[in-house]
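Now for the letters of each chain:
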Amino acid sequence: MPTTAPGNLLMTTVDKAARWARTRSMFPASFGLACCAIEMMATGAAHYDLGRFGMEVFRASPRQSDLMVVAGRVSQKMAPVLRQVYDQMPDPKWVISMGACASTGGMFNNYALVQGVDQVVPVDIYVPGCPPGPQSLMHGILTLHDKIMTGEIDN
Amino acid sequence: MTDDTKSTQTLDVWVAGTEEPELAPTDEGAQEISTDESETRLDEQFGRVVEDDYVFDDDADPEERMILNMGPQHPSTHGVLRLQIELEGEIIRRTKPIIGYLHTGMEKTGEQLNFSQGGTNVTRMDYLSPFHNELAFSLAVERLLGIEVPPRAAAIRVLMTELNRCSSHLVALATNGMDIGAVSMMIYGFREREQILAFFEKTTGLRMNHNYIRPGGVAADLPPGWKDDVDAILDELPRRIQQYDDLLENNPIWVGRTRGVGVISAEEAIAYGITGPTLRSAGVDWDLRKAFPYSGIEQYEFEVPVGVHGDVYDRYRIRIVEIEQSLRIIEQVMDSMPKGDYRVDDRKVTPPPRARIDESMEALIHHFKLFTEGYKVPPGETYVAVESPRGELGCYLVSDGGAKPYRMHTRAPSFSNLQALPITMADSLMADTVATIASLDPVMGDVDR
Amino acid sequence: MTDEHGSPEAGTVGEAVVVERLMPDNPVLRGLFEGFDDVAWELSIGQDVARVPRARWFEFGSAAKEAGFEVCVDVTAVDWMRQRPERFEVVANLLSMRHRLRLRMITTAPRQEPAVASLVPIWPGANFPEREAFDMLGIVFEGHPDLTRILMPDEWEGHPLRKDFGVGSVPVQFKESHKVS
């Protein structure tokens, strides 16, 4: 019986394999609200390509996606809609809060905005910036991938 | 379907060699020319009319109408716009746009920030054309203050706003194309935009929401070597726009989906206060840069494209021509950029240069007062409008003599343009909705503020 | 707030017999103002403003539309709190494309139950701006086809842009700051 595995066989645990699969084809749900949405679209476009991570397909339906990038300011009227879309996403799901307005309410500390989207949905990664450039957003997404791969974020 | 049975002949077609012996063979004798030579028959034969199965049932039951909710989370509504559509089959009978999902209380925030901070707030309203927002606000404040910006500042403002018009129209074309199905337009539009945004980042520090045009001038001078960057943009963009034309202009799918769709007439557009490319597509020659020129734009030669039919195709063509005309203005600005100050010299409004603060006590005091309290603007009220890529963007500013605006209201072009939706969408097909919304180019930050 | 320039008897407004009423130079505007004795014209930093009594708001609007102001660009309002005798000012900006003119109509509305005639029958484009003025400041536009909240949620209470409505800011503080050990 051979003691070493032949060269074309990969041995891993089910956990690791599942995590690898999840990170390599995360489908974002399009939840672009305001200026950050334009930067998110620019991240998906040709110059800063999200397609190299398997993520250029922004699914319109939340039921077919697993990452929700809240890009933009969430107003009081929009908060229940946000929660509903989040609830419609199947597990495992992750949330990236993109931009200052989504993370903390940003420069608009007033009656109209929810001060931080983490009051409505649980957030995994916060990306600061107003708006965060495509490089920052990609850094946030790749950090999320790393954290999933190491098992730090376990949804 | 016509029930003229004389003219329709049934043809039996089968693959040779598989004839069933039971069936009688057809008579492939002399081909008879149809004796019916009426106009309708000729039209059918020449392909001038299309016979399809769609039957418009005029006496439909009102209970057959269905109310469909489109949005606020929707890939094609350009942001958080919610449309309540009353459908009868595929035809839209009534529409009601419901907005407010992006309301940020910017007018209230504007009352809390002083006049030099106001630009940061205003620039995030119409986030695709931030320079225009800042320009409207700055022009209103300067009018209240009674100051004039130096010519170099005015020329820089024209340069940045016209480049912004290009980048905004590129996004409009990109999303317009993607919504209708030409997904490659999305990639093209954003590719061109990257070049312009790189120039913005070099000059203002940010790719979007710049806070660069401030009351008194601009925040900083153009960087050295800006002419090379603008030259590169002027070289690349016309060639790339030619690519869009090659892709879309005579494309039968594009023409079929945009010609005659979302039509608005000139009277309707004027009555509803619609401005911008939508108004010009209906045939009304109205552009604020020509009618009420601002910031020295009258010195530059350019043309304003006007459409004929008022449909989506005309708006697409107008946006392409507007990009070309903006490039023409940019070239003239580049050739004739005056030298001088980039902001007004009035020390009560403009902060002193940083080096002077170490030398002069007065400069230090001015700097301190300007950045803690802000400058006071004499009481008064004014309304100033600029031509943004979406239409008339105005700022109604009321000051009561303090350092903060007493009331700052922005006349948002997309807010009024949305009133065109119920008119253009009535009695049209559901599939045309997406094309119509995309052609109106609403930016929800502008609509909801 | 500016009052009638050079008018020695500034008590009554309607009697234009004794007092030389200020009139604009532009013939179109002059024709419009001549039809209304109680509407005052003033220049606000070079822009034409008409101060219209609230009862003549709709009439003046119709006359302006006939005089050539085809577009109503914007309708908004300002809350002056106690600084003016009447709390609210309703402002309508008009535009005439064929004459290349702008005109601003301003009227006032009282603190209790502020109501002004709606301009929607004249200019349908005033629909959304009037709804916004109602939503943000509580001005009721009589004759408006659908006066409901447009920007705030339907069940919101209060009118956010009024001066007695707070900003609603949340105090920013460090929660559970980590102690460095």
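Participant: What is the right way to look at the overall build of chain C in this model?
Facilitator: Counting its regular elements, chain C contains 3 helices and 7 strands. For chain C, the succession of helices and strands along the chain, N to C, is α-β-β-α-β-β-β-β-α-β. The buried share of chain C, reckoned over its 181 residues, is 51%. Considering only contacts in chain C between residues 6 or more positions apart, those separated by 24 or more positions represent 49%.

Participant: Mind showing me how you'd approach the interface of chain B and chain A here?
Facilitator: The interface of chain B with chain A comprises 32 residues on the first partner and 30 residues on the second. When chain B packs against chain A, the two sides together hide about 2800 Å² of surface, and 67% of this comes from carbon and sulfur. Here chain B and chain A share 1 salt bridge between them. Across the salt bridge formed by Arg207 of chain B and Glu39 of chain A, the nearest N and O atoms sit 3.0 Å from each other. The tally of links from chain B across to chain A stands at 10 residue pairs in polar contact (both at pLDDT 80 or more). Counting only elements with at least two residues in the side of chain B that touches chain A, the list comes to helix H2 (106-112), helix H3 (118-122) and helix H6 (183-204) of chain B. When residues of the side of chain B that touches chain A are assigned to their parent elements, the largest contribution, 5 residues, is made by H6 of chain B. Looking at the side of chain B that touches chain A residue by residue, the class counts come to 17 nonpolar, 10 polar and 5 charged.

Participant: Whenever I open this one, the interface of chain C and chain B confuses me. Can you help?
Facilitator: The accessible area lost on association of the parts is a frequent measure of interface size. Across the contact, 46 residues belong to chain C and 41 residues belong to chain B. For the pairing of chain C and chain B, the buried interface totals around 3700 Å² over both sides, and the portion due to carbon and sulfur atoms is 58%. For the interface between chain C and chain B, the tally reads 5 salt bridges. Among the salt bridges present, the one from Glu132 of chain C reaches Arg449 of chain B, with a minimum N-O distance of 2.8 Å.

Participant: I would appreciate a short explanation of a nonpolar patch on the surface in the present structure.
Facilitator: Together, Met361, Leu364 and Ile365 of chain B give the surface a local cluster of nonpolar side chains, amounting to about 290 Å² of exposed area. If you trace the backbone, Leu364 of chain B turns up in helix H14 (residues 361-372).

Participant: Explain the pattern of salt bridges to me, please; I cannot follow it from the model alone.
Facilitator: Side chains that differ in sign of charge can pair as their charged atoms come close. Going through the model one piece at a time under the given rule, you end up with 48 salt bridges over all chains. The shortest N-O distance in the salt bridge between Glu381 of chain B and Arg104 of chain C comes to 3.1 Å. Taken together, the residues span two chains, with Glu381 of chain B in strand S6 (residues 380-388) and Arg104 of chain C in strand S5 (residues 101-109). Both residues of the pair, Glu381 of chain B and Arg104 of chain C, belong to the buried class.

Participant: When you look at the side chain of Ser96 of chain C in this model, what are you seeing that I'm missing?
Facilitator: Along the chain, Ser96 of chain C falls in strand S4 (residues 88-96). Among the polar contacts listed, one links the side chain of Ser96 of chain C to the backbone oxygen of Gly68 of chain C, at a separation of 2.7 Å. A distance of 3.3 Å separates a polar side-chain atom of Ser96 of chain C from the backbone nitrogen of His99 of chain C. If near-sequence neighbours (up to four positions away) are discounted, Ser96 of chain C is found in contact with Trp286 of chain B together with Gly68, Phe69, Glu70 and Leu101 of chain C.

Participant: What should I look at first to understand unusual backbone geometry in this one?
Facilitator: Residues other than glycine predominantly adopt negative phi, and peptide bonds predominantly adopt the trans conformation. The omega torsion of the bond from Asp91 of chain A to Pro92 of chain A falls at -10 degrees, within 30 degrees of zero and hence cis. Within the fold, Pro92 of chain A resides in the loop between helix H3 (79-88) and strand S3 (94-98). Geometrically, the link from Cys130 of chain A to Pro131 of chain A is a cis peptide bond, its omega value of -10 degrees lying close to zero. The phi angle at Asn209 of chain B is positive, at roughly 55 degrees, despite the residue not being glycine. Backbone geometry places Arg100 of chain C, a non-glycine residue, at a positive phi of 55 degrees. Structurally, Arg100 of chain C can be placed in the loop between S4 and S5. Of the residues examined, Arg100 of chain C reaches a relative accessible area of 46% and is grouped as partly exposed.

Participant: Any chance you could explain the packing of helix H1 (residues 27-34) of chain C against helix H2 (residues 57-67) of chain C here in plain terms?
Facilitator: The geometry of a pair of packed helices is captured by two quantities: the angle between their axes and the separation between those axes. Residue and element names in this part refer to chain C. In contact at an axis separation of 10 Å, H1 and H2 are set at 150 degrees when each is read in the N-to-C sense. Between H1 and H2, the crossing angle belongs to the class labelled roughly antiparallel. In this structure, H1 meets H2 at a crossing whose hand is right-handed. On H2, the residues touching Val28, Leu32 and Phe33 of H1 are Phe60, Ala63, Ala64 and Ala67. Looking at the contact of H1 with H2, its residues break down into 7 nonpolar, no polar and no charged.

Participant: Even after reading the chapter, I still don't get the sheet that holds S4 of chain C, so can you show me in this structure?
Facilitator: Residues and elements named next belong to chain C. The 5 strands are arranged S1-S2-S5-S4-S3 in an open sheet whose pairing can be described as mixed. Bordering the open sheet on either side are strand S1 (40-44) and strand S3 (71-79), each of which pairs with just one other strand. Between one strand and the next, the sheet's axes are offset by a mean angle of 25 degrees, whatever the strand orientation.

Participant: Would you explain the side chain of Thr161 of chain B in this entry?
Facilitator: Looking at the secondary structure, you find Thr161 of chain B in helix H5 (residues 151-180). Discounting residues that sit within four places of it in the chain, Thr161 of chain B has contacts with Phe131, His132, Leu135 and Ile213 of chain B.

Participant: Explain helix H3 (residues 127-137) of chain C to me, please; I cannot follow it from the model alone.
Facilitator: In an α-helix, one turn spans 3.6 residues; hence positions three or four apart end up facing the same way. Most of H3 of chain C is tucked away, with 11 of its 11 residues classed as buried. For H3 of chain C, the full list of buried residues reads Asn127, Phe128, Pro129, Glu130, Arg131, Glu132, Ala133, Phe134, Asp135, Met136 and Leu137 of chain C.

Participant: Can you help me understand the nonpolar core in this one?
Facilitator: Side chains of nonpolar character tend, in soluble globular proteins, to be buried together. Formed by 122 residues in total, the largest nonpolar core has its most connected members in Met68 of chain A, Ile99 of chain B together with Phe60 of chain C. Setting aside anything within four residues of it in sequence, one finds Met68 of chain A in contact with Ala29, Phe31, Leu82, Val85, Tyr86, Met89, Trp94, Val95, Ile96 and Val121 of chain A.

Participant: When you look at the packing of aromatic side chains in this model, what are you seeing that I'm missing?
Facilitator: Considering all chains together, one arrives at 13 aromatic pairs over all chains under this definition. Taken together, a centroid distance of 5.6 Å and an interplanar angle of 50 degrees make the contact between Phe415 of chain B and Phe128 of chain C tilted. In this pair, Phe415 of chain B sits in helix H15 (residues 413-417) while Phe128 of chain C sits in helix H3, so the two residues belong to two different chains. Neither residue differs from the other here; Phe415 of chain B and Phe128 of chain C are each classed as buried. Chaining the aromatic ring pairs together yields one cluster made of Tyr111 of chain A together with Trp156 and Phe165 of chain C. When the ring centre of Tyr86 of chain A is taken as origin, the NZ or CZ atom of Lys93 of chain A, which lies over that ring, is 4.1 Å away.

Participant: What exactly am I supposed to notice about empty space enclosed by the protein here?
Facilitator: Taking a probe equal in size to a water molecule and rolling it over the atoms shows the remaining empty space. All names here are of chain A. Summed over the entire model, instances satisfying the criterion amount to 5 cavities of 30 Å³ or more. One number sums up the size of the largest cavity: a volume of about 70 Å³. Considering the residues around the largest cavity, the lining is formed by 13 residues, among which Cys35, Cys36, Arg73, Cys101 and Cys130 are closest to the centre. Elements represented by at least two residues in the lining of the largest cavity include exactly helix H2 (35-44) and helix H4 (100-104). For the lining of the largest cavity, a count of residues per class yields 7 nonpolar, 4 polar and 2 charged.

What counts and what doesn't
Counting restarts for each chain: residues are numbered from 1 in the order of the written sequence. Numbering of ligands from 1 and lettering of chains from A proceed in the order in which they are written. It should be noted that, the model being predicted, local features are given only for residues of pLDDT at least 70 and side-chain atom pairs only at 80 or more, the latter also being counted only at that level, while totals for whole chains, interfaces and linings use all residues. To get the side-chain values, all heavy atoms of the structure are used, and hydrogens and water are removed first. We count a stretch as a helix when DSSP gives it H or I for four or more residues in a row; a strand needs E for two or more, and each element gets its number in order from the N terminus. Note on classification: 1.4 Å probe, protein chains only; a residue is buried when its accessible area is under 20% of the maximum for its type, exposed when over 50%, partly exposed between these limits. Should any heavy atoms of two residues lie within 4.5 Å, those residues are considered in contact. Throughout, the accessible surface (probe 1.4 Å) given up by two parts as they are put together, summed over both, is called the buried area. By salt bridge we mean one thing: a side-chain nitrogen of Lys or Arg within 4 Å of a carboxyl oxygen of Asp or Glu. Whenever a nitrogen or oxygen atom comes within 3.5 Å of another N or O atom, the pair is scored as a polar contact, on the condition that within protein one atom can donate a hydrogen and the other can accept it, and that pairs from neighbouring residues in sequence are kept only if both atoms are in side chains. Residues are grouped as follows: nonpolar covers Ala, Val, Leu, Ile, Met, Phe, Trp, Tyr, Cys and Pro; charged covers Asp, Glu, Lys and Arg; every other residue, Gly included, is treated as polar. Residues enter a patch when their relative accessible area is above 30% and they make no salt bridge; the linking distance is 9 Å between like charges and 5 Å between nonpolar side chains (Val, Leu, Ile, Met, Phe, Trp, Tyr). Only the protein chains shown count as cover for residues, and all accessible areas are computed by the Shrake-Rupley method using a 1.4 Å probe. Lines are fitted to the C-alpha atoms to define the axes, a helix being fitted only along its stretch in contact, and any angle between axes, read from their N-to-C directions, falls within 0 to 180 degrees. For classification, angles of less than 35 degrees are called roughly parallel, those exceeding 145 degrees roughly antiparallel, those between 65 and 115 degrees roughly perpendicular, and all remaining angles oblique. What makes a crossing left-handed is the near helix being turned counterclockwise from the far one by less than a right angle; a clockwise turn instead makes it right-handed. Following DSSP output, two strands are said to pair if at least two bridges run between them. Among buried residues, the Ala, Val, Leu, Ile, Met, Phe, Trp, Tyr and Cys ones that are joined through side-chain atoms within 4.5 Å form a nonpolar core. Pairing of aromatic rings covers Phe, Tyr and Trp, the last through its six-membered ring, and needs centres within 6.5 Å; plane angles under 30 degrees mean stacked, over 60 mean edge-to-face, and all others mean tilted. Counting as a charge over the ring demands two things of the Lys NZ or Arg CZ atom: a distance within 6 Å of the ring centre and an angle within 35 degrees of the ring normal. Cavity and pocket criteria rest on a 1 Å grid covering protein atoms alone: a 1.4 Å probe that fits but cannot get out defines a cavity, protein on both sides within 12 Å along at least 5 of 7 lines defines an open pocket, and an atom within 4 Å of a point defines a lining residue. Grid points are joined across faces, edges and corners, and a volume is the space filled by probe spheres set on the points.

In short, the description is geometric, and any link to function would need to be established separately.
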